[in-house]
Amino acid sequence: MQTDDLDSIARDILRRNDRGTYTIPTSGLYPFQWNWDSAFAAWGFATFDPSRAWTELETLFSAQWDTGMVPHIIFHRDDEGYFPGPGVWGTGTTPPSSGISQPPVAAILARLIHDSAGGTDRLRALYPKMLAWHRWWQRARTVNGTACITHPWESGRDNCPDWDPGMANVDGSNVGPYQRRDTGHVDPSMRPGKEDYDRYLAIVQFGRACGWDQDTILNDGPFLMADPAIHFILMRANRDLAALARTLGEDPAEPEAMAAELEAALPSIWNDHLQAYCARDMKTGTFAESLSSGAALGLLAGVENAAMETKLAAMWDRVAYGIPSNDPAAPSFNARRYWRGPTWPVVNALIAIGLRSAGRHAEETRLRAETAALIRQGGFFEYFDPQDGTACGGDNFTWTAAIWLAWANGANGRD
Ligand code: DGY
């Protein structure tokens, strides 16, 4: 299909998933506002409706908790088609939301949106909210400077093998009966398994039982793992926030200091045996021993390490399309099961943002060409088999459409 036709289909997907002031990732499977999906939606809107792009971020931050946390799902309206809904989370917030967060990409994308489409007044109003969110990550989700997650959903990379050691110690046997909805919308072999869901729910039930007290969740919760992807994203987001501070005439010292603290803590997630940055169970100190796209996101933060790059390059060469979410050489690799192997346009785009900043144009061009080929062949799906390009997960997906418009179609690129 021609690029122009795909542009118009992508814009149409954004408009159809637009619920007025926020965008759902896709109807059926994800009928609410999701945190990092929304930031990418804004990036897509910025290519044809900049005001709507800022509205998307404003709606996201309108659900910010007093603590500074920006929740991972905001349930603006109820929808029986999703589980677990607001009643299960029981956070008691207005609007109803989940009790955990998601990768803090908003400042990264706000900077790109401002660079390409302006909107300084809208950015100025968002700046203190983004700063408060980054402070929350620093306060409520770092241990000795290392960025951690308290639920695999907080990473955005739900069933990645990165979380296997932490999940092995979560007891999911007492969660009671429940009915999943996701497997009614997409092929169950492309989704997490039942044991994963039992454990996901056990962690939610712990949070609810302690009234979503974040100290209790961090110190006594059933799951706590260092997440290299969040670590790298937060490093980059703090640097971008510092750049935005300079643009706005604000003091960049605090986001700069937060980025420096994260950089100083990098040795804690360096796995010498794997020769890569790696997820780590903070309860036991055990590394996940998985080479994932979480390590590849080091490129977003400008973290260059020759040994790791050799491994990542080999991982990329093992597939035909994009960066796989898990190394195809690993026994845990599954080419179509969500975050256990598929390639995700959203991660490819984040890596490409880092490659571009580092002037690594050849790799960025390759990554864009491979991502664009997946979309041209398979459509605007959630993720793809990195070996044969099979489209997986949800269709008419907001962030894939947004990424097409803002990056993968080459409109702002060099190819
Ligand atoms: C889901 O429901 O699959 C989401 O990833 C949770 O955020």
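Residues numbered from 1 in each chain as written. Predicted model: local features only at pLDDT ≥ 70, side-chain atom pairs only at ≥ 80, totals over all residues. Heavy atoms only, no water.

Q: Please clarify how the overall build of the chain should be interpreted in this entry.
A: A count of helices and strands for the chain gives 18 helices and 10 strands. Against the globule reference of 22 Å for 415 residues, the chain gives a C-alpha radius of gyration of 19 Å, in line with a compact fold. In terms of its C-alpha atoms, the chain occupies a principal-axis envelope of roughly 50 × 45 × 45 Å. Within the span of the chain, comprising 415 residues, buried residues form 61% of the whole. Relative to all contacts within the chain whose residues are 6 or more apart in sequence, the contacts with residues 24 or more apart total 71%. If you sum the accessible surface of the chain, you get close to 14,400 Å²; carbon and sulfur atoms cover 47% of it. Positive and negative charge centroids in the chain, built from 36 and 51 side chains respectively, lie 2 Å apart. (Helix = DSSP H or I, 4+ residues; strand = E, 2+ residues; numbered from the N terminus. Rg over C-alpha atoms; globule rule 2.2 N^0.38 Å. Buried < 20%, exposed > 50% of the residue type's maximum accessible area, 1.4 Å probe, protein only. Contact = heavy atoms within 4.5 Å. Areas by Shrake-Rupley, 256 points an atom, 1.4 Å probe, with all protein chains shown as cover. Lys, Arg positive; Asp, Glu negative; His and termini not counted. Charge placed at Lys NZ, Arg CZ, Asp CG, Glu CD.)

Q: Help me out: how do you make sense of the packing of aromatic side chains in this one?
A: Any aromatic ring pair is given by two values, namely how distant the centres are and how the planes are angled relative to each other. In total, this model carries 28 aromatic pairs according to the counting rule given. On the basis of an interplanar angle of 80° and a centroid distance of 4.7 Å, the ring pair of Phe 32 and Phe 75 is categorised as edge-to-face. Residue Phe 32 is located in the loop between α1 (3-17) and β1 (33-34), and its partner Phe 75 is located in the loop between β2 (73-74) and α4 (86-89); the two are separated by 43 residues in the primary sequence. In terms of burial, Phe 32 and Phe 75 fall into one category: buried. Note on Trp 344 and Trp 399: the rings are 6.2 Å apart at their centroids and 80° apart in plane angle, and the pair reads as edge-to-face. Residue Trp 344 is located in the loop between α15 (306-317) and α16 (345-357), and its partner Trp 399 is located in helix α18 (residues 398-408); the two are separated by 55 residues in the primary sequence. Trp 399 matches Trp 344 in its accessibility class, with the two residues each being buried. Taking NZ or CZ as reference, Arg 180 lies 3.8 Å from the ring centre of Tyr 197, over its face. One residue, Arg 191, lies across the ring of Tyr 338, its end atom 4.5 Å from the ring centre. (Phe/Tyr/Trp six-rings, centres within 6.5 Å; stacked < 30°, edge-to-face > 60°. Lys NZ or Arg CZ within 6 Å of the ring centre and 35° of its normal.)

Q: Looking at this model, I keep getting lost on the site of the ligand. Mind explaining?
A: Around the ligand, a shell composed of Tyr 30, Trp 34, His 72, Tyr 82, Trp 153, Asp 158, Arg 191, Tyr 197 and Tyr 338 is seen. With respect to the ligand, the side chain of Arg 191 contributes an N or O atom lying 2.7 Å from an oxygen atom. Protein burial of the ligand: of its 230 Å² of free accessible surface, 96% is covered by the chains. A per-class count over the shell around the ligand returns six nonpolar, one polar and two charged. (Near = heavy atom within 4 Å. Polar contact = N/O pair within 3.5 Å; in protein donor to acceptor, adjacent residues only side chain to side chain. Nonpolar A, V, L, I, M, F, W, Y, C, P; charged D, E, K, R; others polar.)

Q: Whenever I open this one, the environment of Asp 66 confuses me. Can you help?
A: Of note, Asp 66 is situated in the loop between α3 (50-62) and β2. In this structure, the C-alpha to C-alpha distance between Asp 66 and Tyr 22, residues 44 residues apart in sequence, is 21 Å.

Q: What should I look at first to understand the domain arrangement of the chain in this one?
A: Accessible area lost on assembly of the parts is the figure often given for the size of an interface. In terms of domain boundaries, the chain breaks down into domain 1 (1-29 + 318-415) and domain 2 (32-139). The gap between the C-alpha centroids of domain 1 and domain 2 is 21 Å. Facing 26 residues of domain 1, the contacting portion of domain 2 comprises 25 residues. Here domain 1 packs against domain 2, burying approximately 2,100 Å² in sum over the two surfaces, 72% of which is carbon and sulfur. For the pair domain 1 and domain 2, the interface holds one salt bridge. Across the pair Arg 52 and Asp 18 runs a salt bridge whose closest N-O atoms are separated by 2.7 Å. For the pair domain 1 and domain 2, the interface holds six residue pairs in polar contact (both at pLDDT 80 or more). Breaking the side of domain 1 that touches domain 2 down by element, the ones donating at least two residues are α1, α16 and α18. The greatest single-element share of the side of domain 1 that touches domain 2, amounting to seven residues, is contributed by α18. Its residues placed into classes, the side of domain 1 that touches domain 2 shows 17 nonpolar, five polar and four charged. (Domains from an automatic or database assignment. Buried area = accessible area lost by both parts, 1.4 Å probe. Salt bridge = Lys/Arg side-chain N within 4 Å of Asp/Glu carboxyl O.)

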